[in-house]
Protein chains: 2
Amino acid sequence: MPPSATTSAKPKRKPKLKSYHHGDLRAALIDSAGIELELHGLEAFSMRGVAKRAGVSHAAPAHHFEDTNGLLTALAAQGFKDFVAAQIKREKKAANDPHSQLIASGLAYIEFAINKPALYRLMFSSKRPDHSNDELLTPSKAAFQKLVRQTYELTGIDPNEDGVAMLDVLAIWSMVHGLADLLNADRLKPLLGLSKAKREAALVHIIERALPDTASL
Amino acid sequence: MPPSATTSAKPKRKPKLKSYHHGDLRAALIDSAGIELELHGLEAFSMRGVAKRAGVSHAAPAHHFEDTNGLLTALAAQGFKDFVAAQIKREKKAANDPHSQLIASGLAYIEFAINKPALYRLMFSSKRPDHSNDELLTPSKAAFQKLVRQTYELTGIDPNEDGVAMLDVLAIWSMVHGLADLLNADRLKPLLGLSKAKREAALVHIIERALPDTASL
DNA sequence: CATATTATGTTGACAGTGTCAAGTTAAGAG
DNA sequence: CTCTTAACTTGACACTGTCAACATAATATG
């Protein structure tokens, strides 16, 4: 099953055969919004376009989302769940030591920024989603706490308890995020020219600079 | 003189006293656009709002900019000039060794992202400006080459000639940009709580992780 | 200086947007 | 089976960017 399957557990939406009520329009709108977003970009995103794609009238979404930004909030929330899922998927392919797991997590972060550029921008660089909304805040905090946990496993110090250890977290996050963001914005020409394998090899070297010194362990 | 003085050298624009022709509307529009941008944010930016602020009709700007994104392109270009100016200003207050100069440059980068949040986002995270336009490309490339030069001075190897040395540049840029971007997005709560002095002390430690090993020098 | 040209401004129109109000349909409660 | 209400449609409004048509004044030209 693809990660973005917003489909609810109850199979209520087979009857696509023209009925006044949709069945699960909310999920269908989020799906359509994801397609519209990657297709036309964040700047050209429109609620009416999403409604048209979902095959409903322009005002139908109002019954499921407060406004356009409300839909984008839900979409970003789903994005963070997919984001963490992609990280976990990539970690499984890596060696099982904390260092390798952290690197895998970082590479997945960067891969996400490249593969889903518009969604990434919505999640990390847009003010349109309501980042204080619980529906979004929960999965985004979960993504951050995942990094905290992985750093903890690497250093043996809990960053949530130790301010200096938290600086390790911020350093790793900033480095990975910086790489992801600049690649997303097409600004790292020297790296984008390389093959994926060579690019990731270079990325690993750079990310490792941000990792705390574990020689003493 | 404040950095953002878009005023042309020739003092053509004193006659604000209601004349059909403005004198230097192009510069006035860029100034107004900068104010509108920081006031209402990038998402709510509107050409008509800028025109109203400049005291002209809604269609007047069309004679000076191809479209709204054209105005944003010019604004971003001016932003990059101010950006480099802010870096230079901060470097002058720092010690004159390559390491200190690079740190000062990085802290100015981060300060800019915090002090001019909307302009920063326009320059680094928006697709509305035409980043391939020469008017914008020239100052943005200049900002990058400044970093290249400063890294060169630190390591003694020209990154434009040596691929490995270029990785140093990318690492430093990514780390500083990551910090700036996350602070801009209000995502580094542990750092934003601190006083400016304490915050910058922590930032220096983090940035230094990205710097190449110069112990061998 | 007088006139023609052109740059720079205005107004009005159009399609597209988000959002609201009012009406329609059908699902589910009683 | 009827009634309430959630889900959807249509139509309207204010706002946006952009275009076309027109007005004005700065400047080039005879």
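So, here's what we can say about the structure.

Definitions and limits used
The residue count restarts for each chain, going from 1 along the sequence in the order it is written. Throughout, the order in which chains and ligands are written sets their labels, letters from A for the former and numbers from 1 for the latter. Local features in this predicted model are restricted to residues of pLDDT 70 or higher, and side-chain atom pairs are both shown and tallied only at a pLDDT of 80 or more, whereas totals for entire chains, interfaces and linings draw on every residue. Secondary structure elements are taken from DSSP: a helix is a run of H or I of four residues or more, a strand is a run of E of two residues or more, and numbering for both begins at the N terminus. Partly exposed residues are those whose C-beta has more than 12 but fewer than 20 other C-beta atoms within 10 Å; 20 or more makes a residue buried and 12 or fewer makes it exposed, with C-beta atoms placed from the backbone. Residue pairs qualify as contacts under a 7 Å threshold applied to their C-beta atoms, which are placed from the backbone. The span expected for a helix works out to 1.5 Å for each residue beyond the first. Note on method: axes are straight lines fitted to C-alpha atoms, helices fitted across the in-contact stretch only, with angles between N-to-C directions ranging 0 to 180 degrees. Oblique is the label for every angle not falling under 35 degrees (roughly parallel), over 145 degrees (roughly antiparallel), or within 65 to 115 degrees (roughly perpendicular). Three residue categories are used. Nonpolar comprises Ala, Val, Leu, Ile, Met, Phe, Trp, Tyr, Cys and Pro, charged comprises Asp, Glu, Lys and Arg, and polar comprises the others, including Gly. Here the copies were fitted onto each other by least squares, based on C-alpha atoms from residues at pLDDT of at least 70 in both.

**Observations regarding the overall build of chain A**
Reasoning step 1: Of the regular secondary structure elements, chain A holds nine helices and zero strands.
Reasoning step 2: When the helices and strands of chain A are placed in sequence order, the string is α-α-α-α-α-α-α-α-α.
Reasoning step 3: Out of the 217 residues in chain A, the part that is buried amounts to 39%.
Reasoning step 4: For chain A, restricting intrachain contacts to residue pairs at least 6 apart in sequence, the fraction spanning at least 24 positions comes to 60%.

**Quick word on helix α7 (residues 163–184) of chain A**
Reasoning step 1: Compared with an ideal rise of 1.5 Å per residue, which puts 22 residues at 32 Å, α7 of chain A spans 31 Å between its outermost C-alpha atoms and is within 8% of the ideal.
Reasoning step 2: Most of α7 of chain A sits inside the fold, with 18 of its 22 residues counted as buried.

**Some remarks on the packing of helix α1 (residues 25–40) of chain A against helix α5 (residues 117–125) of chain A**
All names here are of chain A.
Reasoning step 1: Direction vectors running N to C along α1 and α5 enclose 105°, while the axes themselves pass 7 Å from each other. Accordingly, the angle class assigned to the pair α1 and α5 is roughly perpendicular. Where α1 approaches α5, its residues Gly34, Leu37 and Glu38 are matched on the opposing element by Ala118, Leu119 and Leu122.
Reasoning step 2: Of the residues that constitute the contact of α1 with α5, the class distribution is four nonpolar, one polar and one charged.

**Section: the relation of the copies chain B and chain A**
Reasoning step 1: Mapping chain B onto chain A calls for a screw motion: a turn of 180° about the axis and a shift of 0.0 Å along it, with 0.0 Å RMSD after fitting. One copy is carried onto the other by what is essentially a two-fold rotation axis. When each C-alpha of chain B is compared by its distance to the rotation axis, Gly178 of chain B comes out closest, at 1.8 Å.
Reasoning step 2: In this assembly, 100% of the residues forming the interface of chain B have copies in chain A that are likewise at the interface, indicating an isologous arrangement.

**Some remarks on the interface of chain B and chain A**
Reasoning step 1: In this assembly, 28 residues from chain B lie in contact with 28 residues from chain A.
Reasoning step 2: Elements that contribute at least two residues to the side of chain B that touches chain A include exactly α5 (117–125), α7 (163–184), α8 (189–192) and α9 (196–210) of chain B.
Reasoning step 3: Of the residues forming the side of chain B that touches chain A, the biggest block, twelve residues, is contributed by α7 of chain B.
Reasoning step 4: Considered class by class, the residues forming the side of chain B that touches chain A number 16 nonpolar, six polar and six charged.

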